[in-house]
Amino acid sequence: MLEPVADGVRVHVSEFCSSNAVVVDGRGGVLLIDAGILDEELACLARDLEDSGRTVAAGFSTHPHWDHLLWHARLGDVPRYGTAHAAELVRTRLSGPGWEARVASMIPAGIVHRVPMALLGDITALPGDGTRIPWNGTEVRVLEHRAHATGHAALLVADRGVLVAGDMLSDALVPMLDGMGADPIGDYLGALDLLEAVAGDVDVVIPGHGSVGGRGCAQKRIALDRAYVEALRDGREPDDPRIGASAVYDWVPDLHAGQVERLAQR
Ligand SMILES: [Zn+2]
């Protein structure tokens, strides 16, 4: 079911990890960001769009992780974009034999049979300088940064006051640092600064996983994420509700412990 979150912006929530697919109305069809996870959910989204007389004009993947790269034939054969870094990484990872098995090994066993792999990762690099989505609709700014993943981008739909944060600014998941960079802590703090620079214009923040936040929420989540990352940097245990007794997901404390261990080994 599509739920309105701002003027001309709707989300479709997956049962997998509260993943948010985002639909932005355009003049010649919608922009679909991080389309969804399960086959029946993607089909449901396609049906909801058809029922409301909408077609998909373009897609965007916020970053090159499997749960942000999925698609469904019923959504149409339209341009699907990512940042140039994301498109390059996906091309490398999904080339050669055996990529389906490699990707399948990253997907929880309980849902892997419900995840449609056929159109996974079929994204192309944004044209030009990569700072705008090329589509017939309101201006969507691409805020690329290296924090959670190579080629990760948040999208700012400025005239709707909407920030689509990708896997940043979640109320359920702590910052998940990209293990591939030379300075994951510095990269993450830099990305939070980048998002903070636009947060004053944001009325609605939509994380890749978790609940949609209202006015003031972007700043609060940036502060919480920064405190978490600074605690990691300083070797302190973060005081963070996402890994405490009220954690939304019981595996997030383990994820946190794993990050602490990996950082200690660097
Ligand atoms: Zn991710």
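Please refer to the structure higher up on the page.
In this report, the structure presented in the accompanying data block is examined. As a convention, each chain's residues are numbered from 1 in the sequence order in which they are written. Reporting of local features is limited, given that this is a predicted model, to residues whose pLDDT is at least 70; pairs of side-chain atoms are given and counted only at 80 or more, and all residues count toward the totals for whole chains, interfaces and linings. In computing side-chain values, all of the structure's heavy atoms are included and hydrogens and water are not.

**A few points about the pairing of strand S2 (residues 9-13)**
Quick note on the threshold: When DSSP finds two or more bridges between a pair of strands, those strands are recorded as paired. For the purposes of this entry, the term helix denotes a DSSP run of H or I that reaches at least four residues, the term strand denotes a run of E that reaches at least two, and both are numbered from the N terminus.
Examined bridge by bridge, strand S1 (residues 2-6) and S2 share 4 bridges and lie antiparallel to one another. Considered in S2, the bridge of Leu2 is made with His12. Counted along the chain from S1 to the antiparallel partner S2, the turn is 2 residues long, and its residue Gly8 has a positive phi close to 75°. Bridging between S2 and strand S3 (residues 20-26) involves 5 bridges; their strand directions are antiparallel. Across the sheet, residue Val13 finds its bridge partner in S3, namely Asn20. With antiparallel pairing between neighbouring strands as the criterion, S2 and S3 make up a hairpin whose turn holds 6 residues, including Cys17 at a positive phi of roughly 55°.

**Comments concerning the sheet that holds S3**
Convention followed: In this description, contact between two residues means that some pair of their heavy atoms is separated by no more than 4.5 Å. Note on method: axes are straight lines fitted to C-alpha atoms, helices fitted across the in-contact stretch only, with angles between N-to-C directions ranging 0 to 180 degrees.
Spatial ordering of the open sheet is given by S1-S2-S3-S4-S5-S6-S7, a layout of 7 strands whose pairing is mixed. Two strands lie at the open edges of the sheet, namely S1 and strand S7 (124-125), each paired on one side alone. Against the sheet, helix H1 (residues 39-51) touches S1, S2, S3, strand S4 (29-33) and strand S5 (56-60), its axis set at about 150° to S2.

**Re the sheet that holds strand S8 (residues 140-145)**
Pairing between sheet strands relies on hydrogen bonds along the backbone, with the strands arranged either parallel or antiparallel. Taken in spatial order, the 4 strands of this open sheet run S8-S9-S10-S11, and their pairing is mixed. Only two strands of the sheet have a single neighbouring strand rather than two, namely S8 and strand S11 (204-207). Here the strands of the sheet are splayed against their neighbours by 20° on average, with no regard to which way each runs. One ladder, built from 3 bridges, connects strand S9 (residues 152-157) with strand S10 (residues 162-166); its direction is antiparallel. Its bridge partner lying in S10, Leu155 is registered against Val164.

**Regarding empty space enclosed by the protein**
Note the cut-off: Residues are called lining when one of their atoms sits within 4 Å of a cavity or pocket point, these points coming from a 1 Å grid over the protein atoms alone, where a cavity is a set in which a 1.4 Å probe fits but cannot get out and a pocket is an open set with protein on both sides within 12 Å along at least five of seven lines. Grid points are joined across faces, edges and corners, and a volume is the space filled by probe spheres set on the points. Residues are grouped as follows: Ala, Val, Leu, Ile, Met, Phe, Trp, Tyr, Cys and Pro are nonpolar; Asp, Glu, Lys and Arg are charged; every other residue, Gly included, is polar.
Taken as a whole and judged by the stated rule, the model has 4 cavities of 30 Å³ or more. Considering only enclosed or pocket space, the largest cavity measures out at about 60 Å³ in volume. Residue composition of the lining of the largest cavity, by class: 8 nonpolar, 4 polar and 2 charged. Approximately 50 Å³ is the volume found for the second largest cavity. In this structure, the second largest cavity is lined by Asp34, Ala35, Gly59, Phe60, Ser61, His68, Leu70, Trp71, Arg80, Tyr81 and Ile123. Put simply, the parts of the chain that give the lining of the second largest cavity at least two residues each are S5 and strand S6 (80-82). Residue composition of the lining of the second largest cavity, grouped by class: 6 nonpolar, 3 polar and 2 charged.

**Let's talk about the pattern of salt bridges**
Pairs can form between side chains of opposite charge whenever their charged atoms are close. Rules: Put simply, a salt bridge is a Lys or Arg side-chain nitrogen that is within 4 Å of an Asp or Glu carboxyl oxygen.
Using the criterion set out here, one finds 16 salt bridges in the structure. Two residues, Asp159 and Arg160, come together in a salt bridge whose shortest N-O distance is 3.4 Å. Here Asp240 and Arg242 are joined by a salt bridge, their closest N and O atoms 2.8 Å apart. What emerges from the salt-bridge pattern is a single network uniting Arg10, Asp25 and Arg54.

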